[in-house]
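Listed below are the residues making up each chain.
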Amino acid sequence: MKTLTSLLFTGLTLLFILSNNLPAQESELWENWVKYSNNPIECPDNAWFDDTWRPVVIHEDGKYKMWFTGYKNNWLRQIGYAESDDGLCWQFAEEPVIKGGTYASPQRHKMIGNVMRVDDTLRIWYVGLDEHRTEYSIYYAWSIDGLEWNLHPLPVLKKGEPGSWDEKGVFGWPVYYDGTTYHMLYNDLYDIGYATSFDGINWEKDLENNPIFRRGPEGSWYDEWVCPGPVIVKNDVIHMFFSGSDGLGGQLCAGYIRIGCAWSKDFINWKIANDEEYI
């Protein structure tokens, strides 16, 4: 299995919503990151996957619980699960906990977005793609134990109208719940939009302000695309790292992919920390 631990740092997109006068203790969230020296984390031989992407980890009941997108031979994307006492040594479920759909299904491939527990219920938002991975929407499921999931049958967020910035499709990543409202940052493969919901199922895009975070100017380290990641709220400030690519080579996944940190007070107006450099 490719590096799960390093993916926690290199594959996540973190967006930070901070005040204009950034408190000293907040700036430490994007400083001094060190990769674990024993990367990558090992997985069982003959697992159902041989590659992984974008793990999501929560900590509860004294354990780290991880859901991730797994696939074999660059084929069917499915969602797997693992547990750990220390975040380093993991026990993996033998089968995907959310399996791929039928050949004709718009959810043929399923790719992890975000997981959180609200009250006694785990909630997951994930991307469903068709067989050719050209049509993509955001779906929802719920579970009590994180292993048996109840899938909502229809997309909860779809691509925009023809001519809109997200007309090709939507990828859903971080979701934050403030006790009343669910906040989602999503992207169309290139820029980042914002949507809200009161139940996690019925979402409303911010059509007036979207996209709320755009790829950088030509020549910057993130001028090809940006992708959001998990949201952290601390002292009434929302934080998130984001992935960005310079796109060198002329293809979507070519060039360098790096992690940056941005902040805002309202999910709409953003400023990149670290003097607008990657971290």
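This one's a predicted model, so the numbers in the text were calculated from it and none came from an experiment.

1. Looking at the overall build of the chain
A count of helical and extended segments in the chain gives two helices and 16 strands. Here the chain holds 279 residues, and 54% of them are scored as buried. Of the contacts formed within the chain by residues at least 6 apart in sequence, a portion of 49% connects residues at least 24 apart. Within the structure as shown, the chain displays about 13700 Å² of accessible surface, and the carbon and sulfur contribution to it stands at 49%.

2. Points about the pattern of salt bridges
Throughout the structure, instances matching the rule amount to nine salt bridges. Lys63 is the salt-bridge partner of Asp85, the closest N and O atoms lying 3.0 Å from each other. Highlighted residues: Asp85 in the loop between β3 (78-84) and β4 (90-92) and Lys63 in strand β2 (residues 63-71), separated in sequence by 22 residues. Residue class for Asp85 comes out exposed when judged on its relative accessible area of 57%. Salt bridges sharing common partners tie together Glu60, Asp61, Lys65 and Arg117.

3. Examining the confidence of the model for the chain
Residues of the chain with pLDDT of at least 70 account for 88%, and the chain-wide mean is 86. Mean pLDDT values over the elements of the chain span from 35, in helix α1 (residues 4-10), up to 98, in strand β12 (residues 203-205).

4. Let's talk about the pairing of strand β14 (residues 237-245)
Across a regular strand the side chains alternate sides, sitting on one face of the sheet and then on the other. Summarising burial for β14: nine of the nine residues are buried, a large majority. In this sheet, β14 lies alongside strand β13 (residues 225-234) in antiparallel orientation, the contact comprising eight bridges. Within the sheet, the bridge partner assigned to Cys227 lies in β14 and is Ser243. Between β13 and β14, which follow one another and run antiparallel, lie two residues, and Asn235 among them has a positive phi close to 55°. Bridge analysis of β14 against strand β15 (residues 257-264) gives eight bridges, and the strand direction is antiparallel. Within the sheet, the bridge partner assigned to Phe241 lies in β15 and is Cys261.

Cut-offs applied
Residues numbered from 1 in each chain as written. Predicted model: local features only at pLDDT ≥ 70, side-chain atom pairs only at ≥ 80, totals over all residues. Heavy atoms only, no water. Helix = DSSP H or I, 4+ residues; strand = E, 2+ residues; numbered from the N terminus. Buried < 20%, exposed > 50% of the residue type's maximum accessible area, 1.4 Å probe, protein only. Contact = heavy atoms within 4.5 Å. Areas by Shrake-Rupley, 256 points an atom, 1.4 Å probe, with all protein chains shown as cover. Salt bridge = Lys/Arg side-chain N within 4 Å of Asp/Glu carboxyl O. pLDDT = per-residue confidence, 0-100. Pairing = 2+ DSSP bridges.

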